[in-house]
Amino acid sequence: MNEQQIRWDDLQIVLAIAEAGSLSGASRTLRISHATVFRRLSEMERRLGVTFFERSRNGYTPTMAGEDLTVSAKRVQSEINSAERRIIGQDLTLTGSLRITTTDTLFTGLLSPLLASFRKTYPAITLEVVISNQLHSLTRREADIAIRPTCKPPETLVGRKVSDISLAVYGQKALWQNTPLPLDLASLSSENWIGPDVHLGDTSLEKWMVGKNVAYRLDSMLGMQLTVRHGAGIAILPCYLGDADDVLLRLSEPIEALTTQLWLLTHPDLRHVARVHAFMEAITHGLRER
């Protein structure tokens, strides 16, 4: 009977394959080798006498047994994550690690010096920073704290609005320094625009750019900034980024329709953790000063 038991490690394998649809995707999720995922799945299917996935050139598709086990795995994972958050929430010491997720633009333009200062103040706290434009799940503990521009933070999270983020049109200073400023946006309609790629995930900016002469798109605000620096066109950039760049010049007033909010967010179970509270206070204070 013991040989028939399903372990949590088994559930993780099945869940990762089901969500990724492939062994390679599961190996990246679990941070183990492709060969290890294959071996453990094969051993589990042999031990239990059940096939959990149909193999094809399109990937791995769960069988009925695989779907059943995936549902159970998600439920168990949710319980384990919840228990971890509750246990961590009892931590009242200024030690341990914090996993932070933010965008490349915020990290470069605002956060990097603040995180360095935080490390000097709290040397016993280890920071793990995930720089990505993709949202990470605080519920599944992919991160402990999210620092994100948003006007609608998820209702499942708690946190604080730090400030508004204004955006405006910027161009290369050498090309625009003799032009009377600020310019009316209508006067820029025929200019070459640098715009966001859909993978940037900024739907408000994408909608605002409709009708503009956009022949150059990037999935990174930092990439857009660099492209403007090289004189390839004009672009919408956060004012904290564009104003700090000596090569760029702000061509317009801040665009009210694109103003967003900067939030620090965490899971409710973590808000009383000492290191989380210390981080939120320090970064809020630092951002508001800047």
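Residues numbered from 1 in each chain as written. Predicted model: local features only at pLDDT ≥ 70, side-chain atom pairs only at ≥ 80, totals over all residues. Heavy atoms only, no water.

Engineer: Hey, could you run me through the overall build of the protein in this one?
Structural biologist: Across its full length, the protein carries 10 helices and 12 strands. Its C-alpha atoms give the protein a radius of gyration of 24 Å, clearly above 19 Å, the size a compact globule of 290 residues would have. Principal-axis analysis of the C-alpha atoms places the extent of the protein at approximately 80 × 50 × 30 Å. Looking at the protein as a whole, 43% of its 290 residues qualify as buried. Here the protein has roughly 15,700 Å² of accessible surface; of this, 50% comes from carbon and sulfur atoms. Charged side chains in the protein number 32 positive and 32 negative. The centres of these two groups are separated by 3 Å. (Helix = DSSP H or I, 4+ residues; strand = E, 2+ residues; numbered from the N terminus. Rg over C-alpha atoms; globule rule 2.2 N^0.38 Å. Buried < 20%, exposed > 50% of the residue type's maximum accessible area, 1.4 Å probe, protein only. Areas by Shrake-Rupley, 256 points an atom, 1.4 Å probe, with all protein chains shown as cover. Lys, Arg positive; Asp, Glu negative; His and termini not counted. Charge placed at Lys NZ, Arg CZ, Asp CG, Glu CD.)

Engineer: Would you take a moment to explain helix 2 (residues 23-30) for this structure?
Structural biologist: Residues lying three or four places apart along an α-helix face the same way, a consequence of the helix completing one turn every 3.6 residues. Residues of helix 2 that are buried include every one of L23, G25, A26 and S27, and no others. Contacts made by the buried residues of helix 2 are with helix 1 (8-20), helix 3 (34-48) and strand 2 (59-62). Within two residues after helix 2, R31 carries a phi angle of roughly 60°, on the positive side. (Contact = heavy atoms within 4.5 Å.)

Engineer: Mind showing me how you'd approach the nonpolar core here?
Structural biologist: As a rule of thumb, nonpolar side chains are buried together in soluble globular proteins. One finds I147, W193, I236, F279, I283 and L287 to be the most contacted residues of the largest nonpolar core, which totals 52 residues. Among all residues touching L287, those that are not within four sequence positions of it are L110, L111, L114, V162, L262 and L264. Formed by 17 residues, the second largest nonpolar core is a distinct cluster that contains I13, L23, M44 and A73. (Core = buried A, V, L, I, M, F, W, Y, C linked by side-chain atoms within 4.5 Å.)

Engineer: Looking at this model, I keep getting lost on the side chain of Q172. Mind explaining?
Structural biologist: With respect to the helices and strands, Q172 occurs in strand 7 (residues 167-172). Excluding residues within four positions of it along the chain, Q172 makes contact with V228, R229, H230, G231, V247 and L248.

Engineer: Looking at this structure, I do not really get the environment of V198. What am I missing?
Structural biologist: Its location among the elements puts V198 in the loop between strand 8 (193-196) and helix 7 (203-208). Note: C-alpha distance between V198 and D219 (21 residues apart in sequence) is 7.0 Å.

Engineer: Help me understand the packing of aromatic side chains in this model?
Structural biologist: Centre-to-centre distance and the angle between the planes together describe a pair of aromatic rings. Under the counting rule described, the total for this entry stands at 4 aromatic pairs. Judged by centre distance (4.8 Å) and plane angle (40°), the ring pair of F118 and Y122 falls under tilted. Judged by its relative accessible area of 2%, F118 is buried. On the numbers, 5.1 Å between centres and 75° between planes, the contact of F118 with F279 is edge-to-face. Of this pair, F118 sits in helix 5 (residues 104-121) while F279 sits in helix 10 (residues 274-289), placing them 161 residues apart in sequence. Each member of the pair, F118 as well as F279, carries the same accessibility label: buried. Feature note: the residues F118, Y122 and F279 constitute an aromatic cluster, connected by ring pairs. For the cation-ring pair, K212 lies above W193, with the distance from its terminal atom to the ring centre recorded as 5.9 Å. Sitting over the ring of W208, K212 keeps its end group 4.0 Å from the ring centre. (Phe/Tyr/Trp six-rings, centres within 6.5 Å; stacked < 30°, edge-to-face > 60°. Lys NZ or Arg CZ within 6 Å of the ring centre and 35° of its normal.)

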